[in-house]
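Coordinates in review
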Amino acid sequence: MNILGYAQKLGKALMLPIATLPVAALLLRLGQPDLLNIAFMADAGGAIFTNLPLLFGLGIAIGLSKDGAGAAGLAGAVAYFVLVATTKSINKDIDMSFFGGIIAGVIAGHSYNAFHKTRLPEWLAFFAGKRLVPIMSGLFALIAGAVAGLIWPTIQHGLDSAAHGIVHAGYIGEFIYGVLNRALIPVGLHYVLNAYMWFGQGTCQEIITAPIGVLHNVTQLCVDPAVAKELVVGQAHTFHFANSVTPEITAVVEKVTDIMKTGDLNRFFAGDKSAGVFMTGFFPIMMFGLPGAVLAMYLAAPKHRRPHVAGLFISVALTAFVTGITEPTEFMFMFLAPGLYVIHAILTGLSLAVTNYLGILDGFGFSAGLIDFVLNWGLATKPLELLFVGIGFGAIYFVIFYFAIRFWNLKTPGREDEDEGQAEEQAGSESELARKYLKALGGKDNLTAIDACITRLRLTLKDRSVADEVILKKLGAKGVVKLGESNLQVILGPLAEIIAGEMKAIGSGDDLSDVELPKK
């Protein structure tokens, strides 16, 4: 089995449901009492977070299906409902959370690929083809649920122990998580790591409170379920959160809800004042650190070359600062100067440790960029201090990158030899560019799978040696990642999804002989 290839395909499939989080966070945050105070808006955003495991089942099923069919998504929902109901029936204390959605999505995606063209006897013809997929998904989910009902408590205990190990390791655990988060980006598997920390680590229970005194305006809190059981409605309670730097909160309990929130991200938006441990440290890196690295690469380039790379540098720096999408920046130096990327991973881990040491907590619905930073200012702990930490990391990145590039004469953008492969200016439509990429990859017949995530093509090739890496970079690719024997990732930036769609639309018999590629 091609494990790396499958893992990158699963990572890509995870991006579809995760892409719903920005609108969910936007609605949830804007609807809060300290902003627009529109209850139905906040409830609408909260509904997406509450049903995120189901969205995982839908999105992963579609992402794993051969043609992204809606029938796979329906099968994902069926598999999820059957899986959850079966496990709950066997053991009512089981909560598979987002893992249930992932398992259901995997079952449905593979069921679609196996049965969407299946023929049945004439008297059963109505249930043939795509109509058979939800049925088979439900049956497989029933079996999986029966097995999970027996073994999941043991699995959950192991996962919780691992998570608790990282959490209770304090700054060392946070540092390790930050380093691994960046270290897995080259192979696109960081989404899998993030999924557990952001959606599966830790649980809290929502309560509604009435404020006491002018210093407390919180109307919703999310506390440890063990604490929630001891609360008495109508009485004042003092709440102590895991983050010892956060002040105690005293409030009158108006209602103890049955709503549970799981994961660092979900708990943050639900009002858990100890959440954000595995998100906060990314803000200094994405908003300031990487833009500082970009400024260093720009100033390290010869003066006569700077105008040629200024547009590129401004684009990737603004993308990181505003949206928190960092891959376009990281792939500019990941392969040209891998030592710098190692430093980048270490600094990311250090940022997570530092922000938590200072008692700074923040979160995001999509990524740690300016948009999330501004929206969540009212939910964050010490957001102003986070800005100063970010400026400090920006300065550190600039100094390290600038002197390392100059001292070791690293070939970062703008410092390549004059005759080395600069990406040529591409004219024409995305369709024409897709045909060029396809030809450089050996044609449609050489590809067995074409997928894309936010910034990269995720490809499986019959013969990877045919792919011309030099031409791919001349066409504009920022990097090429080889996985296993047949998998290839081509980093294009935000254009990746469009190019992938255009490549899929090209028939295997289409003549590419008239396509002109750049000269080596």
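About the cut-offs
- Residues numbered from 1 in each chain as written.
- Predicted model: local features only at pLDDT ≥ 70, side-chain atom pairs only at ≥ 80, totals over all residues.
- Heavy atoms only, no water.
- UniProt positions renumbered as here; feature names shortened; annotations may be inferred.
- Helix = DSSP H or I, 4+ residues; strand = E, 2+ residues; numbered from the N terminus.
- Rg over C-alpha atoms; globule rule 2.2 N^0.38 Å.
- Buried < 20%, exposed > 50% of the residue type's maximum accessible area, 1.4 Å probe, protein only.
- Contact = heavy atoms within 4.5 Å.
- Lys, Arg positive; Asp, Glu negative; His and termini not counted.
- Charge placed at Lys NZ, Arg CZ, Asp CG, Glu CD.
- Expected span 1.5 Å × (residues − 1).
- Pairing = 2+ DSSP bridges.
- Axes fitted to C-alpha atoms, helices over the stretch in contact; angles between N-to-C directions.
- Arc of directions from axis to C-beta.
- Polar contact = N/O pair within 3.5 Å; in protein donor to acceptor, adjacent residues only side chain to side chain.
- Salt bridge = Lys/Arg side-chain N within 4 Å of Asp/Glu carboxyl O.
- Patch = residues over 30% accessible without salt bridge, like charges linked within 9 Å, V, L, I, M, F, W, Y side chains within 5 Å.
- Areas by Shrake-Rupley, 256 points an atom, 1.4 Å probe, with all protein chains shown as cover.
- Parallel < 35°, antiparallel > 145°, perpendicular 65-115°, else oblique.
- Nonpolar A, V, L, I, M, F, W, Y, C, P; charged D, E, K, R; others polar.

Per an unreviewed UniProt entry, the recorded name for the protein chain is PTS system N-acetylglucosamine-specific EIICBA component, and the organism is Vibrio marisflavi CECT 7928. Per its UniProt entry, the protein chain bears the Subcellular location (unreviewed entry) comment "Cell membrane".

Regarding the overall build of the protein chain
Scanning the protein chain from terminus to terminus reveals 20 helices and eight strands. Against the 2.2 N^0.38 benchmark of 24 Å for 520 residues, the protein chain shows a C-alpha radius of gyration of 25 Å, consistent with a compact globule. By principal-axis analysis of the C-alpha atoms, the protein chain measures approximately 75 × 70 × 40 Å. The buried share of the protein chain, reckoned over its 520 residues, is 52%. Long-range contacts, defined as pairs at least 24 residues apart, comprise 71% of the intrachain contacts of the protein chain with a sequence gap of at least 6. Positive and negative side-chain charges in the protein chain, numbering 38 and 42 respectively, have mean positions lying 4 Å apart.

Focus on helix H5 (residues 70-90)
Here H5 contains 21 residues, and its C-alpha end-to-end distance of 31 Å stays within 8% of the 30 Å for a straight helix at 1.5 Å per residue. Three or more residues of H5 are buried, namely Ala71, Ala72, Gly73, Ala75, Gly76, Ala77, Ala79, Tyr80, Leu83, Thr86 and Thr87.

Section: the sheet that holds strand S1 (residues 203-210)
Here four strands make up an open sheet; going across it, the order is S2-S1-S4-S3 and the pairing antiparallel. Looking at strand neighbours, the two that pair on one side only are strand S2 (220-223) and strand S3 (236-239), the edges of this open sheet. Averaged over neighbouring strand pairs, the angle between their axes works out to 45° when direction is ignored.

Remarks on helix H18 (residues 430-440)
All of the buried residues in H18 are Leu433, Ala434, Tyr437, Leu438 and Ala440. For H18, the arc enclosing every buried residue in end-on projection is 160°, short of the 170-degree limit, so these residues lie on one face. The elements touched by buried residues of H18 are strand S5 (447-452), helix H19 (469-474) and helix H20 (496-505). Downstream of H18 by a residue or two, Gly442 has a phi angle that is positive, lying close to 100°.

Comments concerning the UniProt feature "active site" (unreviewed entry) in the protein chain
With numbering aligned to this structure, UniProt lists the feature "active site" (unreviewed entry) at Cys453. The residue Cys453 is located in the loop between S5 and strand S6 (456-461) in this model. In this structure, Cys453 is in contact with Lys12, Met15, Tyr191, Arg458, Ala496 and Glu497, ignoring residues within four places of it in sequence.

Some points on the environment of Asp67
Looking at where Asp67 falls in the secondary structure, it is placed in the loop between helix H4 (52-64) and H5. Taking relative accessible area as the criterion, Asp67 reaches 48% and is therefore assigned partly exposed. Each C-alpha atom, one on Asp67 and one on Asn113, is 8.9 Å from the other, the two residues being 46 residues apart in sequence. There is a polar contact of 2.9 Å between the side chain of Asp67 and the side chain of Tyr112.

Overview of the sheet that holds S6
The strands making up a sheet are joined through hydrogen bonds of the backbone, oriented either antiparallel or parallel. Sheet architecture is open: four strands sit in the order S5-S6-S8-S7, paired in antiparallel fashion. Of all strands in the sheet, those bounded by a partner on one side alone are S5 and strand S7 (479-483). Sheet twist, expressed as the mean angle between neighbouring strand axes with direction ignored, is 20°. Relative to strand S8 (residues 487-491), S7 runs antiparallel, the two being bridged by five bridges. Of the residues in S8, the one forming a bridge with Val481 is Gln489.

Side note on the pattern of salt bridges
Scanning all chains against the criterion turns up eight salt bridges. Between Glu469 and Lys473 there is a salt bridge, and its shortest N-O distance comes to 3.5 Å. Note that Glu469 and Lys473 are positioned in helix H19 at a spacing of four residues, about one turn of the helix. Assessed through its relative accessible area of 29%, Glu469 is described here as partly exposed. Several salt bridges converge on common partners, so that one network encompasses Asp264, Arg267 and Asp272.

Section: unusual backbone geometry
A positive phi is found at Lys382, a non-glycine position, where the angle reads about 60°. As for its placement among the helices and strands, Lys382 is situated in the loop between helix H16 (370-375) and helix H17 (383-407). Its identity as a non-glycine residue notwithstanding, Asn409 has a phi of 50°, on the positive side. Residue placement: Asn409 occurs in the loop between H17 and H18.

Topic: a nonpolar patch on the surface
A cluster of nonpolar side chains, Ile90, Phe140, Ile143, Val147, Leu150, Ile151 and Ile155, forms an exposed patch at the surface whose accessible area comes to about 630 Å². Looking at which element gives the most residues to the nonpolar patch, the answer is helix H7 (residues 132-168), with six residues. Inspection of the secondary structure puts Phe140 in helix H7.

Digging into the pairing of S7
The buried fraction of S7 amounts to four of the five residues, a majority that puts the element mostly inside the structure. Following S7, the chain reverses through three residues before pairing antiparallel with S8; Gly484 in that reversal takes a positive phi of roughly 60°.

Topic: the pairing of S3
By the alternation rule, side chains of S3 split into His237 and Phe239, which are all buried, and Ala236 and Thr238, of which none is buried. Sheet topology places S3 next to strand S4 (residues 249-262); four bridges connect them, and they run antiparallel. From the neighbouring strand, Ala236 faces S4, where its bridge partner is Val252.

What about the packing of H18 against H20?
H20 packs onto H18 with a crossing angle of 75° between their chain directions and a minimal axis gap of 8 Å. Judged by the inter-axis angle, H18 sits roughly perpendicular to H20. Taking contact as the criterion, the partners of Glu430, Ser431, Leu433, Ala434, Tyr437 and Leu438 in H18 are, on H20, Ile498, Ile499, Glu502 and Met503. Partitioning the contact of H18 with H20 into residue classes produces seven nonpolar, one polar and two charged.

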